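Observations on the three-dimensional arrangement
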Amino acid sequence: MKLKEKLAKKLEPWREDYNNLRKNYGDVVADEATIGKILGGMRGLKSLLCETSYLDPIEGIRFRGHPIPEARKLLPKPSEKNEPYPTGLWFLLLTGEVPTKDEVLELEEEMKKRWDIPQYVIDILRAAPTDTHPMTLFSMAILALQRESQFFKAYHSGVARNELWEYALDDSITLIAKLPRIAAYIFRMKYRGDIHIEPDPKLDWAANFAHMLGDDDPVFYDLIRLYLFLHIDHESGNVSAHTGHLVHSALSDPFYAISAAMDGLAGPLHGLANQECLNWILEMMEKYGGVPTKEQIEEYAWDTLNSGRVIPGYGHAVLRQTDPRYMAQREFAQKYLADDPVVKTVMTVYEVVPDVLKKHGKAKNPWPNVDAHSGSLLYHYGIREFEFYTVFFGVSRSMGITAEMVYDRIVNFPIERPKSLTIAMLKEIAEGKK
Ligand code: HAX
C-alpha cells in the first residue's frame, strides 16, 4: 500500500529530528509552568508535541501546514464539484504529503476489506439498555473490538519497538474502516426502527456513512464528507486527542486509546457544544415564531448574556478570528441550503452577535466557532437526534488521533508522566517568590 510505503520513507528523517531535539536541546526552555497554568488546567501551556496539525489564532487549524481553504482545494475529491475525501486528509495527517486520488482510493479499497462488524460487537450493542447514550455505545463497541488488535498481539509476541508503528497503522486502518458502520448501526438501532442498511462498495468511505444513515442525496454525501473533514484534528491539547495520546503512551493499543478518547469527547465542555448551539437557535426561533429579524436576534443575545449565560458557538480559547471551519460550512450552506429557515437564522446571527459580544466586552474572541453551524446542517437533513451529533464528531476525530499515534510509535514517544505538586508545595513556591 502506497500509504505504508510513504510512511516507511519518513521513519529515518522523523526519528532523526525527534532524537536530535531530545538529546541535544533537551534543556532549552519552551514555556514556563506557572502556578496559574498548573491550577488553570494547563491552558495554553506549551507542553505537547503535535505533528499532524497546528492551531493558528488567526488562520485557524493548519493540517500539516495547510490551512483549511488550501487543504480543501488541494486534496483529491470524487469530482471537482465535490468535497474532498476525508480519508485523503487522513493520509495527509499520517504522512505529511498530499496524496493522489489513486492513493486515496487504494486506501479506501483496503478499508472496504475490513469494514465488517463482528457479531459479538452487535450483540454487545443490542444488550445495552435502550436509553444508553449513543456515545456510550460507540465507545463500548470500539473497546469490544480491542480483541482484534494486531498491535496488542505484536507487542506481546515481542515485536521490536521500532516496528510497532506498522501495527499501530494496521489497527488504525481497521478501526477507521469500521467506525462509520458502528455509528450507523447505533443510529438506526436507536432512531430508525432497528432497520439497517448495508454499505455500498461503489461509494467512498464518507458517502457510505451517509448512505448507511439512510439518505442518498448526493448533497448529503458531500455534507458528511465536509463534516468528517472539518472535525478531524485540532492539535493535541484538546481532551479527546490528549486522552488518546496519553492512553496510547502506555502502549495500550489504538482500540483502547480511541475508546478512552471518545469518553472524553462525550463531555459537555468538549463534543457536546454543537447541540447547545442548535438548541439556542431553535429556542430563539420558537420565541419569535420563525426566522427572527436582526433586532430580535440582538434582543435575544442580550437576554442570554444578561441572564449570565454564554452565547453558544461563539468565542474560542485559542482562535481570534472566525473559525475557518465555520466559514467552510457557511459556504456550503450558502451554496445548497440558503432557503432553510434554521440555516438562515444561523447565518443572520453571524451578522449580529459579534458586535453584541464586542459591546459586552468579555469574550476575547467575538467570532463564531465550528459548532455554531454544524448542527443546523445535520438538522436540515432530518438528523434531529441531537445526542447523536457527538458520534459524527467522534468518527472524524478518531482519524486525527490515530495519525498522531502512528507518529508516536515511529519516534518511540515515551510514556507520559508529568510530575504533580500539592497545594502546600505550591504555597511554598509562591511565598519564595514574594
Ligand atoms: N458568550 C458570552 N461570554 C463569553 C463567550 C460567549 N460566547 N465566550 C467567552 N465569554 C466570556 C467567558 O465566559 C469569560 O467570562 P468570565 O471572565 O466571566 O469567566 C470571558 O468571556 C473570557 O473568556 P475567553 O478567554 O474569551 O474564553 P475562554 O477561553 O475562557 O473560553 C469558550 C472559550 C469556547 C469556552 C467560550 O468562548 C465559550 O463558553 N463559548 C460558548 C460555548 C462554545 O461555543 N463552545 C464550543 C467551543 C468550540 C470547541 O472547542 N468545541 O470542541
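The residue count restarts for each chain, going from 1 along the sequence in the order it is written. Totals for whole chains, interfaces and linings use all residues, but because this is a predicted model, local features are given only for residues with pLDDT of at least 70 and pairs of side-chain atoms are given and counted only at 80 or more. As a rule here, side-chain values cover all heavy atoms of the structure and leave hydrogens and water aside.

Details of the overall build of the protein
Counting from the N terminus, the helices are DSSP H or I runs at least four residues long and the strands are E runs at least two residues long. On a plain count of helices and strands, the protein comes out with 20 helices and three strands. Our radius of gyration looks at C-alpha atoms and nothing else; its globule reference is 2.2 Å times the residue count to the power 0.38. In terms of C-alpha radius of gyration, the protein reaches 22 Å, essentially the compact-globule figure of 22 Å for 434 residues. Type-normalised accessible area, obtained with a 1.4 Å probe on protein chains alone, sets the label of each residue: buried when under 20%, exposed when over 50%, and partly exposed for intermediate values. Here the protein holds 434 residues, and 55% of them are scored as buried. Note on definitions: a residue-residue contact is assigned when non-hydrogen atoms from the two residues lie within 4.5 Å. Residue pairs in contact within the protein that sit at least 24 positions apart in sequence constitute 74% of those at least 6 positions apart.

Quick look at the packing of helix H7 (residues 134-144) against helix H9 (residues 164-191)
In this description, a line fitted to the C-alpha atoms serves as the axis of each element, helices being fitted only across the stretch in contact, and the angle between N-to-C directions of two axes falls anywhere from 0 to 180 degrees. At a minimum axis distance of 10 Å, the contact between H7 and H9 shows a crossing angle of 140°. Taken together, the axes of H7 and H9 lie oblique to each other. Remark: the crossing between H7 and H9 carries right-handed chirality. Here Pro 134, Leu 137, Phe 138, Ala 141 and Ile 142 of H7 lie close against H9, whose contacting residues are Leu 175, Leu 179, Ile 182, Ala 183, Ile 186, Met 189, Lys 190 and Tyr 191. Under the convention adopted here, Pro, Cys and the residues Ala, Val, Leu, Ile, Met, Phe, Trp and Tyr are nonpolar, Asp, Glu, Lys and Arg are charged, and Gly plus all remaining residues are polar. Taken together, the residues of the contact of H7 with H9 break down into 12 nonpolar, no polar and one charged. Geometric relationships in this document are graded by angle, where less than 35 degrees denotes roughly parallel, more than 145 denotes roughly antiparallel, 65 to 115 denotes roughly perpendicular, and other angles denote oblique. Should the near helix be turned anticlockwise from the far one by less than a right angle, the crossing is left-handed, and should it be turned clockwise, the crossing is right-handed.

Section: the site of the ligand
Among the 18 residues in the neighbourhood of the ligand, the closest are listed as Ile 311, Gly 313, Tyr 314, Lys 362 and Lys 364. A 3.5 Å cut-off defines polar contacts: any pair of N or O atoms within that distance qualifies, except that in protein one atom must be a possible hydrogen donor and the other a possible acceptor, and neighbouring residues in sequence count only when both atoms are side-chain atoms. At 3.2 Å from an oxygen atom of the ligand is found a main-chain nitrogen or oxygen belonging to Ala 363. Between Asn 369 and the ligand, the recorded distance is 3.0 Å, taken from a side-chain N or O atom to an oxygen atom. For the accessible areas, the method is Shrake-Rupley and the probe is 1.4 Å, while residue cover comes only from the protein chains on display. Computed on the free molecule, the ligand has an accessible area of 910 Å², of which 67% lies beneath the protein chains in the complex. The class makeup of the residues in the shell around the ligand is nine nonpolar, five polar and four charged. Residues are labelled near a given molecule or strand when at least one of their non-hydrogen atoms is within 4 Å of it.

Details of the environment of Ser 53
You can see Ser 53 is positioned in strand E1 (residues 53-56). Separated by 267 residues in sequence, Ser 53 and Arg 320 have C-alpha atoms that sit 17 Å apart. Only 2.8 Å separates the side chain of Ser 53 from the side chain of Asp 233, close enough to count as a polar contact. A polar contact of 2.8 Å, which involves the side chain of Ser 53, links it to the backbone nitrogen of Glu 235.

Quick look at the pairing of strand E2 (residues 60-63)
Strand pairing is assigned whenever DSSP detects at least two bridges linking the two strands. Note: E1 against E2, four bridges, orientation antiparallel. Opposite Asp 56, over in E2, you have Gly 60 as the bridge partner. With antiparallel pairing between neighbouring strands as the criterion, E1 and E2 make up a hairpin whose turn holds three residues. Pairing of E2 with strand E3 (residues 66-67) involves two bridges; the strand directions are antiparallel. Bridging from a neighbouring strand, Arg 62 pairs with Pro 67 of E3. Linking E2 to E3, which pair antiparallel, is a turn of two residues; within it Arg 64 sits at a positive phi near 45°.

With respect to helix H16 (residues 324-336)
In an α-helix, one full turn covers 3.6 residues, which means residues spaced three or four apart are oriented alike. Compared with the 18 Å implied by 1.5 Å per residue over 13 residues, the 18 Å span of H16 between its first and last C-alpha is a close match. Turning to H16, its buried residues number three or more, namely Pro 324, Arg 325, Tyr 326, Ala 328, Gln 329, Arg 330, Phe 332 and Ala 333. Buried positions along H16 lie against E2, helix H3 (68-74), helix H11 (218-230), helix H17 (341-360), helix H18 (371-380) and helix H19 (389-410). Expected helix span is computed as 1.5 Å times (number of residues minus one).

Some details on the pattern of salt bridges
For salt bridges, the criterion is a side-chain nitrogen of Lys or Arg within 4 Å of an Asp or Glu carboxyl oxygen. On inspection of all chains with the given rule, the structure shows 26 salt bridges. A salt bridge links Arg 181 to Asp 116, with the shortest nitrogen-to-oxygen separation between them at 2.7 Å. With Arg 181 in helix H9 and Asp 116 in the loop between helix H5 (101-113) and helix H6 (119-127), the pair connects residues that are 65 residues apart, well separated along the chain.

Focus: unusual backbone geometry
Even without being a glycine, Asp 194 presents a positive backbone phi close to 60°. Secondary-structure assignment places Asp 194 in the loop between H9 and helix H10 (205-213). Since its relative accessible area comes to 30%, Asp 194 is described here as partly exposed. Of note in the backbone geometry, Leu 251 takes a positive phi value of approximately 65° without being a glycine. By secondary structure assignment, the location of Leu 251 is in the loop between helix H12 (239-249) and helix H13 (254-265). The class of Leu 251 is partly exposed, set by a relative accessible area of 26%.

Considerations on the nonpolar core
In globular proteins that are soluble, nonpolar side chains generally tend to be buried together. Residues grouped as a nonpolar core are buried Ala, Val, Leu, Ile, Met, Phe, Trp, Tyr and Cys residues, joined through side-chain atoms within 4.5 Å. With 126 residues, the main nonpolar core has Phe 63, Trp 90, Phe 138 and Leu 213 as its most contacted residues. When residues of this core are assigned to their parent elements, the largest contribution, 17 residues, is made by H9. Dropping the residues within four chain positions of it, Phe 63 is found in contact with Thr 52, Ser 53, Ile 68, Ala 71, Leu 89, Leu 92, Leu 93, Phe 229, Ile 232 and Asp 233.

Considering a nonpolar patch on the surface
Like charges within 9 Å and nonpolar side chains (Val, Leu, Ile, Met, Phe, Trp, Tyr) within 5 Å are joined into patches, using only residues over 30% in relative accessible area that form no salt bridge. On the surface, Ile 38, Leu 39, Leu 421, Ile 423, Met 425 and Ile 429 cluster together to form a nonpolar patch covering roughly 550 Å² of accessible area. At the level of secondary structure, the elements contributing two or more residues to the nonpolar patch comprise helix H2 (35-39) and helix H20 (423-433). Among the elements that take part in the nonpolar patch, H20 stands out by supplying three residues, more than any other. Relative to the helices and strands, Leu 421 is located in the loop between H19 and H20. Take Leu 421: its relative accessible area is 43%, and that puts it in the partly exposed class.

What about the sheet that holds E2?
One open sheet accounts for three strands, arranged E1-E2-E3; its pairing is antiparallel. Each of the sheet's edge strands pairs with one partner strand only, and the pair in question is E1 and E3.

Read these as geometric descriptors, not functional statements.
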